[in-house]
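# Coordinate inspection notes
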Amino acid sequence: MKIGTLIHIEYEDNQSSEVRKYRCKIIEKNNQGLIIDYPINVNTNKTSFLPIGSTILVTYVSKDKAVYQFRSIILERVNMKIPALLIKLPEKKKIKRIQRREFVRVESAIDVAIHSLTKKFVPFTTVTEDISGGGLSFIIPERDILTIGEYIQVFIVLPMNNIDSYYISVEAKVVFIKSLKSNINITSVKFTKITKIDQQLIIRYCFEKQRQARQKELQ
């Protein structure tokens, strides 16, 4: 992990048992651990204070696009030019690699709007078949409306916690088109321009969907 790395934090409130999610950046490192700026609540988009001694789950994406997770503790507040926190960095063996090469892909019907970068077609709204941090698949009204290799703009309405939604805009390249037996046409696209924050929100959404699916299997 380098200075400037964006990380996501999950913190469970002991009183309400609510799991709250935050994002922040690594701004310094020392022998004790990582110094991060004050976390921003992903739902309210407001800076938050987490109690010293809190146990947190940290997630980040490395340069090779793999996702890592580890548990940590907020050790203390740090006096710097901006408000900061020191969190414990665990031993390397306790940092879990979630994926190696590809992003986790989950089946999910998410509302999206598709726009042409060259005004080739009239924008249309549809739903996804699946999504990952690297791309998504969606239903298209006609097979010939898109072509492989074409670049498009995708506006995603990403639901989080069944309460709030994030509006994400990405550029993507059409990599595959298929027709199903039910006369439904599916297009797969790969993200070519996406911010790190938006990409990690999508990754977090995919992890949440996976966790929900596992919980249903155990019931």
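What comes next is a walk through the structure. (Residues numbered from 1 in each chain as written. Predicted model: local features only at pLDDT ≥ 70, side-chain atom pairs only at ≥ 80, totals over all residues. Heavy atoms only, no water.)

### Quick word on unusual backbone geometry
Not every positive phi belongs to a glycine, and N45 is a case in point at roughly 60°. With a phi close to 60°, K119 is a non-glycine residue in the positive phi region. Considering the arrangement of structural elements, one finds K119 in the loop between strand 10 (111-116) and strand 11 (124-132). Judged by relative accessible area, which is 78%, K119 ranks as exposed. (Helix = DSSP H or I, 4+ residues; strand = E, 2+ residues; numbered from the N terminus. Buried < 20%, exposed > 50% of the residue type's maximum accessible area, 1.4 Å probe, protein only.)

### Some remarks on the pattern of salt bridges
A full pass over the atoms with the stated rule returns 5 salt bridges. The salt bridge involving E150 is made with K120; its shortest N-O contact spans 3.2 Å. Pair noted here: E150 is in the loop between strand 12 (135-140) and strand 13 (151-160) and K120 is in the loop between strand 10 and strand 11, with a separation of 30 residues, a long-range link. Judged by relative accessible area, E150 falls into the buried class, the value being 10%. (Salt bridge = Lys/Arg side-chain N within 4 Å of Asp/Glu carboxyl O.)

### Observations concerning the packing of aromatic side chains
Tallied over the full model, the rule gives 4 aromatic pairs. When the ring of Y60 is compared with that of F70, the centres are 6.4 Å apart and the planes differ by 65°; the resulting orientation is edge-to-face. With Y60 in strand 5 (residues 55-61) and F70 in strand 6 (residues 67-78), the pair connects residues that are 10 residues apart, well separated along the chain. Residues F121 and F124 carry aromatic rings whose centres are separated by 5.8 Å and whose planes lie at 50° to one another, so their mutual orientation is tilted. Judged on exposure class, the residue F121 and its partner F124 are both buried. The structure contains a cluster of three or more aromatic residues connected by ring pairs, namely Y60, Y68 and F70. (Phe/Tyr/Trp six-rings, centres within 6.5 Å; stacked < 30°, edge-to-face > 60°.)

### Topic: the environment of I52
For I52, the location among the structural elements is in the loop between strand 4 (40-41) and strand 5. A sequence separation of 35 residues divides I52 from I87, and the C-alpha atoms of the two residues are 9.4 Å apart. Apart from the residues lying within four places of it in its own chain, the contact partners of I52 are I74, L75, E76, R77 and L85. (Contact = heavy atoms within 4.5 Å.)

### What about the nonpolar core?
Core analysis: the biggest nonpolar cluster contains 35 residues, and F138, L146, I152, V154, I156 and L158 have the highest contact counts within it. Looking at this core, the elements that each hand over two or more residues are strand 10, strand 11, strand 12, strand 13, strand 14 (164-179), strand 15 (185-193) and helix 1 (196-218). Ignoring sequence-local partners within four residues, the contact set of V154 consists of V112, A113, I114, L136, I168, S169, V170 and A172. Y22, I26, V58 and A66 belong to the second largest nonpolar core, which has 20 residues in total. (Core = buried A, V, L, I, M, F, W, Y, C linked by side-chain atoms within 4.5 Å.)

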